[in-house]
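Observations on the model geometry
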Amino acid sequence: MINKQVSSAEEAINDIQDGDTIMLGGFGLCGIPENCIAALVKKGVKNLTCISNNAGVDDFGIGLMLHQKQVKKMISSYVGENEEFERQLLNGELEVELIPQGTLAFRCMAAGYGMPAIFTPAGIGTEVAIGKEIRNFNGKDYLLEKAFEANFAIVKAWKGDTDGNLVFKATARNFNTVMAMAGKITIAEVEELVEPGVLDPNQIHTPGIYVHRIFQGKQYEKRIEKKTTSV
Amino acid sequence: MINKQVSSAEEAINDIQDGDTIMLGGFGLCGIPENCIAALVKKGVKNLTCISNNAGVDDFGIGLMLHQKQVKKMISSYVGENEEFERQLLNGELEVELIPQGTLAFRCMAAGYGMPAIFTPAGIGTEVAIGKEIRNFNGKDYLLEKAFEANFAIVKAWKGDTDGNLVFKATARNFNTVMAMAGKITIAEVEELVEPGVLDPNQIHTPGIYVHRIFQGKQYEKRIEKKTTSV
Amino acid sequence: MLDKDGIARRIAQEIQNNYYVNLGIGIPTLVANHIPKHIQVCFQSENGLLGMGPYPKEEDVDPDLINAGKQTITMIPGASVFDSAMSFGMIHSQKIDLTILGAMEVSENGDIANWKIPGKMVKGMGGAMDLVASAKNIIVAMQHVNKAGESKLLPICDLPLTGIRCVKKIVTELAVLSILPEGGFKLLERAPGVSIETIKKATLGKLIIEGEIPEMAFD
Amino acid sequence: MLDKDGIARRIAQEIQNNYYVNLGIGIPTLVANHIPKHIQVCFQSENGLLGMGPYPKEEDVDPDLINAGKQTITMIPGASVFDSAMSFGMIHSQKIDLTILGAMEVSENGDIANWKIPGKMVKGMGGAMDLVASAKNIIVAMQHVNKAGESKLLPICDLPLTGIRCVKKIVTELAVLSILPEGGFKLLERAPGVSIETIKKATLGKLIIEGEIPEMAFD
């Protein structure tokens, strides 16, 4: 098999350049690649276009990159919970493209499946449809949406092996699997890195072929955005 | 949660009518719904359109339905290994639509994802493209292929629970997952039926929402088409 | 007149046995508290979960297990996890029987606006445009009038749309109304103690009142 | 002149370190037996497996574990299983570095015919049309001439096509040839003991011979 292991987040993201388009997995702060985000902040790479469902919070997740003004453009379905984001947006320092959450998922999936574009009903009759091709199938209108092209996809898994196979935990899976399939180069950080053969081949969420670099992350904070409990 | 359990294959397929379009999971004889096929043969329902990657062998799998002349049309990527099939085809008793294997998978997936159609490069420049819409994206030609519409999808899983959650074993997964998502009514037979909560929620291949009826099958033969061994 | 929990309680009556249901943020979340014991129901959270359970006990909080509102939650037996693509796949292929969500405005032909107020900070549509574009059955849970006292049931929406011709029913603090295929809010039920006159005043869009309008019944 | 195993042995030299490879039925299957030990390689089987291993021992035969040729096989450590959609997804998104398959005919512009002979029973294209429509690098393993002694390397294919302008290289019992972007079979190597004259006679399409043509080298 094919070993994808690298030693650290720094090595994994080393060739990400100013101006690159990167995908970042996660939903809210759940399942985000904490180690790679820290390394990107440290590296100080700028003018990034980030494709990610959300933009983090002020002092965590992609919010850390926004704080360093490393992001030129966000492509997301939901932003907010983030004052620095709002400030940069209103100042014109940051571009934002808001797209429906399913469209975000499907444009990733399309890239991973070699489909140049997909049809979705989401956004028909709204400003999302402006300038886009509409096509009717069986009496229902759909928008034509193009596959994403991203230089890098950065995902975070629960377990992984050195061949790049990934397993996710609970709802930390979210966009990570579809983004892993979509990156030209896919970087995976995992909580636990094991040898090939440890993970059950039946139970792998992302086959190693999609992963180009993998490393065991450290010191996961896993911050909770809205802690809700019952008695 | 929502209980989908039925008592038998006979009950599960009871409302399949003459002239229905049904999907049948499996690749070759691997992962085929043996119990439901036996029940369909017993019921004697006719003029079926069967969407299945293969057509079984003379005396097993869909071959058993062909023998009873229950099939009007096969939509498959690869037939053969089947003399009765050949006889009916050459006699004009059976229609066959051969489509690329990826196209078969994607047309199922499209139905399961609510996509009316997908683009695929498979078949460009060949007779498969005749009469179909071709569209160029980024310099490459693609065929527009429509989502399947099937009244029933019949799949076979390794384990399942009464809520309809399914887990498949090894390469018996093949088309079963995408077909399960694509049927208007999806019937699943499983080798082992368990209570909800037994299967790990992280490790379910087909969520129960896609499955309308589930039962524990019996006496699986699991015939091997080409036994190859090494010393 | 109902409080938020009352709206949720009334909407819970719309949930039939064996329904898969997607609940939006806000009042819709409260609906889960009012499902009768004899009803089999499964809640989907569009970030990738079927079989969402109640909030966890303090000691069971798991940062890797949240709902689409980013709240920590639990899974019930029979739950399953999947990725965002499959989640919206099941939404688009209409496997979800009922979608309950909030709105800023609904028009008499079923258009809905619930994601953007021009001039204010825009947070995004999240999964709302996918849900309203695909759902077989959409119930809106909202206040009948906005904070300025203006009707949110309009001839046409003023705010940017989330989706068109999709809302089937509306439950407010004042009434239950269905949206007719040919357009118009058909009054079905009044909240306890609310007069038809009050509902008329609070409804700017075409209101259709036929025969006796019963009060909502609660067990 | 090579036997089938010799063709497979020569093709094995084309496999580079870290390649994901899809092997077709027939001669391509034999290639797996000739991978040098120092090469990391992973074989995909399009019915839904990465990390295909050798045939099982008698006692390890599992009817649920087969390859795309329906043969019983094994998995190696690091293997993963997935469904047919993901399998063709990784093929279409060009994650497979090399596809090796057989052919009935190849044309000098890289068209390939390998699925149908008019007038004979048609078995279907299986996954071949997907593979040839998407692969970054396709090597054809075949006999240089058919059973009737006619060349299979043609100006244009006579048989119904599987895909167009896709074959990059051909290895036969006589020679290794690449297909030039502008068209034409460029002779790269001769099989041991085979003369250029023999290759010329067996090649009906445009054959390009430049400089000294070496014999294939085997370790």
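A brief look at the structure comes next.

Rules and cut-offs
Residues numbered from 1 in each chain as written. Chains lettered and ligands numbered in written order. Predicted model: local features only at pLDDT ≥ 70, side-chain atom pairs only at ≥ 80, totals over all residues. Heavy atoms only, no water. Contact = heavy atoms within 4.5 Å. Buried area = accessible area lost by both parts, 1.4 Å probe. Salt bridge = Lys/Arg side-chain N within 4 Å of Asp/Glu carboxyl O. Polar contact = N/O pair within 3.5 Å; in protein donor to acceptor, adjacent residues only side chain to side chain. Least-squares fit on C-alpha atoms with pLDDT ≥ 70 in both. 1 Å grid on protein atoms, 1.4 Å probe; cavity = no way out; pocket = protein on both sides within 12 Å on 5 of 7 lines; lining within 4 Å. Points joined across faces, edges and corners; volume = space filled by probe spheres on them. Helix = DSSP H or I, 4+ residues; strand = E, 2+ residues; numbered from the N terminus. Nonpolar A, V, L, I, M, F, W, Y, C, P; charged D, E, K, R; others polar. Pairing = 2+ DSSP bridges. Axes fitted to C-alpha atoms, helices over the stretch in contact; angles between N-to-C directions.

Side note on the interface of chain C and chain A
Counting residues at the interface gives 47 residues for chain C, matched by 49 residues for chain A. Here chain C meets chain A over a buried area of about 4,000 Å², counting both sides, of which 61% is carbon and sulfur. If you look at where chain C meets chain A, you find five salt bridges. For K169(A), the salt bridge goes to D64(C), with nearest N and O atoms at 3.7 Å. On inspection of chain C and its partner chain A, the count reaches 24 residue pairs in polar contact (both at pLDDT 80 or more).

Considering the relation of the copies chain A and chain B
Rotating chain A by 180 degrees and translating it 0.0 Å along the rotation axis places it on chain B, where the RMSD comes to 0.0 Å. Read as a symmetry element, the transformation amounts to a two-fold axis. When you check the interface residues of chain A against chain B, 100% turn up at the interface there too, and the contact is symmetric in its surfaces.

Quick word on empty space enclosed by the protein
Per the counting criterion, the structure on display carries eleven cavities of 30 Å³ or more. The calculated volume of the largest cavity comes to roughly 490 Å³. As for the largest cavity, its lining consists of 29 residues, and the residues nearest its centre are H205(A), D83(C), M86(C), D83(D) and M86(D). Secondary-structure elements contributing two or more residues to the lining of the largest cavity are α6 (176-182) of chain A, α6 (176-182) of chain B together with α3 (84-92) of chain D. Of the residues in the lining of the largest cavity, the class split is 17 nonpolar, eight polar and four charged. The space that makes up the second largest cavity amounts to roughly 70 Å³. In this structure, the second largest cavity is lined by 14 residues; those nearest its centre are G28(A), I32(A), S52(A), N54(A) and I62(A). Looking at the lining of the second largest cavity residue by residue, the classes come out as six nonpolar, eight polar and no charged.

Quick word on the sheet that holds strand β8 (residues 138-141) of chain C
All names here are of chain C. Read across the sheet, ten strands follow the order β4-β3-β2-β1-β5-β8-β10-β11-β12-β13 without closing on themselves; strand pairing throughout is mixed. Unpaired on one side and paired on the other, β4 (75-81) and β13 (207-208) mark the two borders of the sheet. Pairing analysis gives three bridges linking strand β3 (residues 49-52) to β4, with the strands arranged antiparallel. Along β4, the bridge assignment pairs L49 with V81. Packed onto the sheet, helix α3 (residues 84-92) meets β1 (19-23), β2 (41-45) and β3 and runs at close to 125 degrees relative to β2.

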